[in-house]
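# Structural overview for review
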Amino acid sequence: MEIKTVTRSGGQVLVDALRIHGVERAFCVPGESYLAALDALHDAKDDIELIVCRQEGGAAYMAEAYGKLTGKPGICFVTRGPGATNASVGVHTAFQDSTPMILFIGQVARDQMEREAFQEIDYRRMFGQMAKWVVEIEDAARIPELISQAFHRAVNGRPGPVVVALPEDMLADHVSVADVPAFKRVEAHPGDEQLAEFVALLEKAERPMVVAGGGGWTAKAVEALKTFSETFHLPVAASFRCQDLFDNTHPNYAGDLGLAAGPKLIQHVKNCDLLISIGARLGEMTTGAYTLIDIPVPKQSLVHVHPGAEELGRVYHATLPINASVGGFLARANRLPPIAVPRWKEWTAAAHADYLENLQHAQVPGPVQMGDVMAWLRKQLPADAILTTGAGNYSAWAHRFYQYRTFRTQLGPTNGSMGYGVPAAIAAKITDRNRTVVAFAGDGCFLMNGQELATAVQYDARVIVLVINNGMYGTIRMHQERNYPGRVSGTQLTNPDFAALARSYGLHGETVEATADFAAAFERCEASGKPALIEIRIDPEALTPKMSLTQIREQAVAQGK
Ligand SMILES: Cc1ncc(C[n+]2csc(CCOP(=O)(O)OP(=O)(O)O)c2C)c(N)n1
Ligand SMILES: [Mg+2]
């Protein structure tokens, strides 16, 4: 290890460490609490692009989306107190999505601590449950060591967010310290005994089913999943918002287990006799609020492959728990002897046929048919186009009626966090400018982080934002109508003219009020040479792809609600 004899500021040591760990970009909102780090980033600007955002929630979502897209920790810098609290939504998202991310927070000076100094928060307590690890660096000489630990923790095992608090006086200290080499990834593999047990379970199975999901996937692991599915003729379902782990046009694809899961897929999961979960935690969203798989002992044989040992046996008592990374498991499983024509060939074909049936859409009230819009996008968008979503009923269109074909074409928060779609799209476009990036947002969702349109313009991130406007927080209205029919409370919205708002930021803006106008509007967006936004005004009655608002209300009334 090279011993540095020159002294560097804590900020410089930190930024040198980021360079060594391969950081190419960081998202931030500045603060006076980490000026020494900003100053070091000034010197590093040829290596590390600093993307300045308008709200820390947007910056943290961008870092999370970058981490999800690249598998490298998304880097975010924010100031203490208010900056950290704004950014916390991105940390929660990264945790539930198992996304590698590092949030750096400027902290009050060491000699001011525990006085409730200006904007002082104890980040260990604040982020205790939200982050994988929280550290405060008290000594600039320990920066290389602790930053190395932060990178290792963020990417290895079950990936997740790490929070690093940086006292401002520590960043300004000058120290003479050696750097630590770039972090290493570890891949955990299953043992021979576990593989033998896996084969024995497969030999007994009549109706096996794979569920793929969670974090730590790579393009290589996704390719290995395809090989695995083909070698053993296994149907593959995706967990909630992990639809891009398996080509949706592949004859073994069975659909996604999210909020818009097909009713027949739900039956398939209930009726399968061997469930092979690769990377998925099998959380609340994927299991229909824990109704698909019995807790704690499932009636299906369960092979649960997960990179985090603490997830195994947490909710489900698996027949065969395997603590391995998804890539490590698949690499070993693909060396097992292939199966010729298994008993379940027709079961697999039926699962795909049911998925295709669920792709068909019915007419909804009003002049805009989102099903037709999605069918057009399905045909028009390149296979590697990226679709982003936040949370809201509108996202069902992107979940159920789009076919994801290649890895990392879907960026959506599995914690159902509103406001994610726009910043995630901007981060994706900045990261890979050759790809088409389309953000889906509801009228509610959009205005949670719509201010980041300014960031899109500042960095010429030519995303296309679709704002699906029904004049309400539709998801909550749907739940209201189901449980308290006709009693509308806190869900109505008065909205701006979204296209005019977009134009004022410098985007190309369009408004679509009928299906037939969508294609031309989208093409004008693509040709505009700018980031662009289309407000799609939909009939408030078109509350879900399946049922209208009135139908939901009438059904609830009929049920005596
Ligand atoms: C940050 C956050 N706040 C609140 C919620 C609760 N919530 C879930 S969906 C939703 C409404 C979304 O409205 P909109 O974006 O207009 O989509 P719509 O359901 O109308 O299609 C709300 C308030 C949430 N998931 N995330
Ligand atoms: Mg809405």
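It should be noted that the structure appears before, not after, this text.
Residues numbered from 1 in each chain as written. Chains lettered and ligands numbered in written order. Predicted model: local features only at pLDDT ≥ 70, side-chain atom pairs only at ≥ 80, totals over all residues. Heavy atoms only, no water.

## Side note on the sheet that holds strand β13 (residues 301-306)
Think of a sheet as strands paired side by side through backbone hydrogen bonds, with each pair either parallel or antiparallel. The condition is simple: What makes two strands pair is DSSP finding at least two bridges between them. Counting from the N terminus, the helices are DSSP H or I runs at least four residues long and the strands are E runs at least two residues long. Here an axis means a line fitted to C-alpha atoms, over the contact stretch when the element is a helix, while the angle between two N-to-C directions is reported on a 0 to 180 degree scale. Note on definitions: a residue-residue contact is assigned when non-hydrogen atoms from the two residues lie within 4.5 Å.
Taken in spatial order, the six strands make up an open sheet running β11-β10-β9-β12-β13-β14, and their pairing is parallel. Here the strands that pair on one side only, and so sit at the sheet edges, are β11 (253-257) and β14 (320-323). Looking at each pair of strands side by side, their axes are set apart by 15° on average, direction ignored. One ladder, built from four bridges, connects strand β10 (residues 236-239) with β11; its direction is parallel. Bridged to valine 236 within β11 is tyrosine 253. Helix-sheet contacts for helix α8 (residues 192-204) involve β12 (274-278), β13 and β14, and the interaxial angle to β14 is about 140°. Contacts between helix α9 (residues 219-232) and the sheet are confined to β9 (208-212), β10 and β12, with β9 contributing the most and set at about 175° to the helix.

## Some points on the layout of surface pockets
Formally: In the cavity and pocket records, a cavity denotes points on a 1 Å grid over the protein atoms alone where a 1.4 Å probe fits but cannot get out, a pocket denotes an open set with protein on both sides within 12 Å along at least 5 of 7 lines, and lining residues are residues with an atom within 4 Å of a point. Grid points are joined across faces, edges and corners, and a volume is the space filled by probe spheres set on the points. Residue polarity follows a fixed list, in which Ala, Val, Leu, Ile, Met, Phe, Trp, Tyr, Cys and Pro are nonpolar, Asp, Glu, Lys and Arg are charged, and the others, Gly among them, are polar.
Its volume calculated, the second largest pocket comes out at about 250 Å³. Contributing to the lining of the second largest pocket are 22 residues, with Ala391, Gly392, Asn393, Gly474 and Thr475 lying nearest its centre. Looking at the lining of the second largest pocket, its residues break down into 13 nonpolar, eight polar and one charged.

## Quick look at the site of ligand 1
For clarity, the cut-off: One heavy atom within 4 Å of a molecule or strand makes the whole residue count as near it. N or O atoms closer than or at 3.5 Å make up a polar contact, with two conditions inside protein: a donor-capable atom paired with an acceptor-capable one, and, for residues adjacent in sequence, both atoms drawn from side chains. Per-residue and other accessible areas were derived by the Shrake-Rupley procedure at a 1.4 Å probe size, with only the shown protein chains allowed to occlude residues. For this analysis, a molecule is said to be in a pocket or cavity if more than half of its atoms are within 2 Å of the grid points defining it.
If you check the shell around ligand 1, you find 17 residues, and the closest are Asn393, Gly416, Asp443, Cys445 and Gly474. Between tyrosine 394 and ligand 1, the recorded distance is 3.0 Å, taken from a backbone N or O atom to an oxygen atom. The contact in question runs from a nitrogen atom of ligand 1 to an N or O atom on the backbone of methionine 418, over 3.3 Å. Protein burial of ligand 1: of its 590 Å² of free accessible surface, 77% is covered by the chains. For ligand 1, the cavity whose grid points lie within 2 Å of the majority of its atoms is the second largest pocket. Mapped by element, the contributors of at least two residues to the shell around ligand 1 are α16 (443-449) and α18 (474-483). Ranked by residues supplied to the shell around ligand 1, first place goes to α16 with four residues.

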